[in-house]
Amino acid sequence: MPDRRKVGLAILLMVGATLCFAALDATSKYLSRTYPIPMMVWGRYTFHCLMMLIFLAPSMRLELITTTRPVAQITRALMLTGTTGFSMAGFSLMPLAESTAFLFVTPLVVVILSHWLLKESITRGHWIAVLAGFGGALLIARPGGALNAEGIVWMTLAATCYAIYQIQTRQLSPTENTLTMLFYTALVGTVAMTLAAPLYWGGPTPGWIDASLIASLGIYGGTGHLMLTRAFRYAAASFLSPFLYGQLIWAGLLGWMFYDHLPDLLSIAGMVVIAGSSLSIALGERLRRRA
């Protein structure tokens, strides 16, 4: 496949992945009105795990679970499970677009944690981007805005877990198979939420429509991550990273279509600042590697 076609396919896959993630968030927001959030986390990982077992296990077999760092894989997977649970709790309380934007402070948290955990140097430009990004978050979380205090706490916890997950991904990626890492996130999430089921299982029994929606959480999550993985095969991460912010557009559209909510001007300004700050860090990394 010519390089131009590869790049075009990578962009389409990235756009599809962000749509899947936004659809997952919008569906979980709807289901959270009736069902416990841990039940939805269970559905998200269980059906994701089943998808990988059906489509990948027959060809990969033991390679799907072969790893030299099982403890790190499990810890990383638990961080993503925490991200899912905390963010679903945040989405249940706040509008989709604003809460999605708040979660996108993760790259800024990664910069700080990389300095602390990986001893990476932080340039003055990085610090300016981090401060600007957190300023954008404050615009969204301002008093009188669309976010409430409890929702902000949940999304802050989600962003922290997601940042640790990304740091561990960076540490594992050079030596571990990408699909194996993806399978461990599904497997560990499934096992953890199944073991914890007696603590949260209850409430109304889902009908076939709601049961299908709970199953769709795993389909959206699994499909989105597979598309993301494939996209990175065809184009560099530094090139594709700006397209991740397409999720903000999808979240805004879905929030308007299904929940009749549009962000106000200050919230939109905060989203633009967060996206710009995170993109400046990604582009700075790209230029540094070229140099």
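All values derive from a computational prediction rather than experimental measurement.

Trainee: So what about helix α8 (residues 149-172)? Which residues, and what values?
Mentor: In an α-helix, one turn spans 3.6 residues; hence positions three or four apart end up facing the same way. For α8, spanning 24 residues, the distance from its first C-alpha to its last is 35 Å, which sits close to the expected 34 Å at 1.5 Å a residue. When α8 is considered as a whole, its buried residues turn out to be Gly 151, Ile 152, Met 155, Ala 158, Ala 159, Cys 161, Ala 163, Tyr 165, Ile 167, Gln 168, Thr 169 and Leu 172. Of the surrounding elements, those touching the buried residues of α8 are α4 (70-93), α5 (96-103), α6 (106-117) and α9 (178-195). With a side-chain oxygen positioned 3.3 Å from the backbone nitrogen of Glu 150, the residue opening α8 is Asn 148.

Trainee: Give a detailed account of the side chain of Thr 83, specifying residues and quantitative values.
Mentor: For Thr 83, the location among the structural elements is in helix α4. Given the relative accessible area of 6%, Thr 83 is considered buried. Side-chain polar atoms of Thr 83 contact the backbone oxygen of Met 79, separated by 2.9 Å. Leaving out residues up to four positions away in the same chain, Thr 83 has contacts with Ala 158, Cys 161 and Tyr 162.

Trainee: How would you summarise unusual backbone geometry if you had to cite specific residues and measurements?
Mentor: Positioned with a positive phi, Arg 61 is a non-glycine residue whose angle comes to about 50°. With respect to the element layout, Arg 61 can be found in the loop between α3 (57-60) and α4. For Arg 61, a relative accessible area of 66% gives the class exposed. Unlike most non-glycine residues, Asp 260 shows phi in positive territory, near 55°. Tracing the sequence through the fold places Asp 260 in the loop between α13 (246-259) and α14 (265-290). The exposed category is assigned to Asp 260, whose relative accessible area is 68%.

Rules used in this analysis
- Residues numbered from 1 in each chain as written.
- Predicted model: local features only at pLDDT ≥ 70, side-chain atom pairs only at ≥ 80, totals over all residues.
- Heavy atoms only, no water.
- Helix = DSSP H or I, 4+ residues; strand = E, 2+ residues; numbered from the N terminus.
- Expected span 1.5 Å × (residues − 1).
- Buried < 20%, exposed > 50% of the residue type's maximum accessible area, 1.4 Å probe, protein only.
- Contact = heavy atoms within 4.5 Å.
- Polar contact = N/O pair within 3.5 Å; in protein donor to acceptor, adjacent residues only side chain to side chain.

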